[in-house]
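Residues per chain are reported as follows:
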Amino acid sequence: MGLDTVTTLLAVRHGETAWNRERRIQGHLDVPLSPLGEAQAQRLAEVLAGEPIDAIYASDLMRARQTAAAIAARSGLPVGEDVGLRERGFGCFEGLSWAEIEARWPDQVLRWKRRDPDFGAEGGERLHDFYQRAVGAVERLAQAHPGQTLLLVAHGGVMDCLYRAGRRLPLEAPRSWALGNATINRLLYTPAGLSVVGWNDDLHLDGLGQDEVAA
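What you see is a predicted model; the values in this text were computed from it and never measured. (Residues numbered from 1 in each chain as written. Predicted model: local features only at pLDDT ≥ 70, side-chain atom pairs only at ≥ 80, totals over all residues. Heavy atoms only, no water.)

Asks: Is there a simple way to think about unusual backbone geometry in this case?
Replies: The phi angle of most residues is negative, glycine excepted, and most peptide bonds adopt the trans form. With a phi angle near 55 degrees, Arg23 is a residue other than glycine that sits in the positive phi range. Relative to the assigned elements, Arg23 resides in the loop between helix 1 (18–22) and helix 2 (35–48). Accessibility expressed as a relative area gives 54% for Arg23, which makes it exposed. The backbone of Ala182 sits at a positive phi, close to 60 degrees, despite the residue not being glycine. (Helix = DSSP H or I, 4+ residues; strand = E, 2+ residues; numbered from the N terminus. Buried < 20%, exposed > 50% of the residue type's maximum accessible area, 1.4 Å probe, protein only.)

Asks: What exactly am I supposed to notice about the layout of surface pockets here?
Replies: Left-over empty space is what a probe sized like a water molecule reveals as it rolls over the atoms. The computed volume of the largest pocket comes to approximately 770 Å³. Taken together, 26 residues line the largest pocket, and the ones lying closest to its centre are Ile25, Phe90, Trp98, Trp112 and Arg175. Looking at the lining of the largest pocket, the elements that each hand over two or more residues are helix 1, helix 5 (106–113), helix 6 (127–143) and helix 7 (156–167). In terms of residue count, helix 7 provides more of the lining of the largest pocket than any other element does, four residues in total. (1 Å grid on protein atoms, 1.4 Å probe; cavity = no way out; pocket = protein on both sides within 12 Å on 5 of 7 lines; lining within 4 Å. Points joined across faces, edges and corners; volume = space filled by probe spheres on them.)

Asks: I tried to follow the sheet that holds strand 4 (residues 149–154) on my own but got confused; where do I start?
Replies: Sheet strands line up and pair through hydrogen bonds in the backbone, either parallel or antiparallel. Taken in spatial order, the six strands make up an open sheet running 3-2-4-1-5-6, and their pairing is mixed. Across the chains shown, the open sheet's two edge strands, defined by having one partner strand only, are strand 3 (79–81) and strand 6 (193–201). Strand after strand, the sheet turns through a mean of 25 degrees between neighbouring axes, direction not considered. Helix 6 rests against strand 1 (7–13), strand 2 (55–58), strand 4, strand 5 (184–190) and strand 6 of the sheet, and its axis sits at about 155 degrees to strand 4. (Pairing = 2+ DSSP bridges. Axes fitted to C-alpha atoms, helices over the stretch in contact; angles between N-to-C directions. Contact = heavy atoms within 4.5 Å.)

What follows is the structure in structure tokens.
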């Protein structure tokens, strides 16, 4: 297998939003970055400035677009928006906190926590469908750029799907890996599929917190 068939992927979760901190479900709702999230995006831009990135793609949701824009401003590359990189649609859960959802729909929450592949909140996506959509979008983009390095800016749910695809883990497996905001995850794509080579790199965020942003 030649290097011209390998696509390097830098998969990044967007910076923090106020709703991330409040543990409020965002899904397809268009929530902007918080001041801390904007600072995280700038740190990403600094650390990724030395990477040989050939193309940048982002979810079309604001929090991902804002994160990608900060990185693109340094690289001079355009940002291609791809709806396939969107977060999972959570339907009637969107805009609510975990506590509110558990109080309203305890039976549905049990299926959600069990990671039932066929479960989707009313008006939202089933887990299996979301996985197929997200991983399919990443594979499609990778196939369009053989031998190149892509930066993909998306969401926690998308990162989870990529980890499972890269490690060959079932959807039902309990999560034991981190999905930090503005962290860098490294994968390779070949005709054989995705492989994880580095995960949740957050060294560039050291010392960055609410106090520093407020200052």
